[in-house]
Amino acid sequence: MAKKNSGRVLGLALGGGGARGMAHIGILKALEKADIQFNVVTGTSVGSLVGALTAAGRSAAEIEEAARDIAWSDLASIAVPKLGLVKSKKLEETLERLIGSDDIQSLKMPYAAVATDIVTAEEVVFTDGPVAEAVRASCSVPVVFEPIKVRDRLFVDGGLVNEVPGDVARQLGADVVISVDLNADRKRNTPPGNLIDVLFYSLNILVAGTSQAGRTSADIRLEPDLQGFGYADLDRIDEAVERGERVVEEHLQEIHALLE
């Protein structure tokens, strides 16, 4: 892969954003079409999910096919409210079905998932251990999902500390980083349409200042136009994928210049 990129090590950092993460698939499809291959992938929240599938060797078409078959019932089950409204064990089981029970270090390329230790408020980067467990930790949106206990620590969504982990991609060896920010439209978005939207909007306000290191580490920041897309709109995959493809096409000349 590095040879195709003129010796550059290309990293892809996929940000969080709930069902908006369907746009990540369009990003991958457009990069594949342009024969741009990356060597490192990192992700936060839904970005960790799409990134894990990519690092496991799944093509964009395969990820899109899997996404079309996924419903919220595959990702969560109702919990008696204590630490969260729903349990995310189903998410982990879905991942194991899609990826297997692989360890992160057995994936086809370097990969990392970002999560937050809810007790210490620390950013934790998963670079080893079970893939499904790491993704589940990274995707555990506070209040919605119960926190997950891993290695005697309690984890919630990585977006609280690093929403777009471009800096983590550099830590894994990337010297050129493309990041994908699904929430760049936060200041011009439509009003929230449901409880999940209210929660994500609120989190976006809170984390806007905590994710600058990850965002500014990228050489190119892709910000797909997702205005009007809710955070629970799993049924708008075609539109989201198209928006992802479009933003890559808009930056294609810039990407090729960096790699050359």
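What counts and how
- Residues numbered from 1 in each chain as written.
- Predicted model: local features only at pLDDT ≥ 70, side-chain atom pairs only at ≥ 80, totals over all residues.
- Heavy atoms only, no water.
- Helix = DSSP H or I, 4+ residues; strand = E, 2+ residues; numbered from the N terminus.
- Buried < 20%, exposed > 50% of the residue type's maximum accessible area, 1.4 Å probe, protein only.
- Contact = heavy atoms within 4.5 Å.
- Areas by Shrake-Rupley, 256 points an atom, 1.4 Å probe, with all protein chains shown as cover.
- Polar contact = N/O pair within 3.5 Å; in protein donor to acceptor, adjacent residues only side chain to side chain.
- Arc of directions from axis to C-beta.

Caption draft 1: Molecular detail of the overall build of the protein chain. A tally of helices and strands in the protein chain yields nine helices and 11 strands. Expressed as a percentage of its 260 residues, the buried residues of the protein chain come to 55%. Counted over contacts in the protein chain with a minimum sequence separation of 6, partners at least 24 positions apart contribute 77%. Element-wise, carbon and sulfur atoms account for 52% of the exposed surface of the protein chain, whose accessible area totals about 11300 Å².

Caption draft 2: Fine view of the side chain of Asp157. Assignment of secondary structure puts Asp157 in strand β9 (residues 153–157). We classify Asp157 as buried; its relative accessible area is 8%. Among the polar contacts made by the side chain of Asp157, one reaches the side chain of Ser45 at a distance of 2.6 Å. Dropping the residues within four chain positions of it, Asp157 is found in contact with Thr44, Ser45, Thr116, Ala137, Ser138, Cys139, Ser140, Val141 and Pro142.

Caption draft 3: Just helix α3 (residues 60–68), in detail. Those residues of α3 lying buried are Ala60, Ile63, Glu64, Ala66 and Ala67. Across the axial projection of α3, the buried residues extend over an arc of 160 degrees, all falling on one side. Facing away from the buried surface of α3 by more than 90 degrees, the exposed residues are Ala61 and Glu65.

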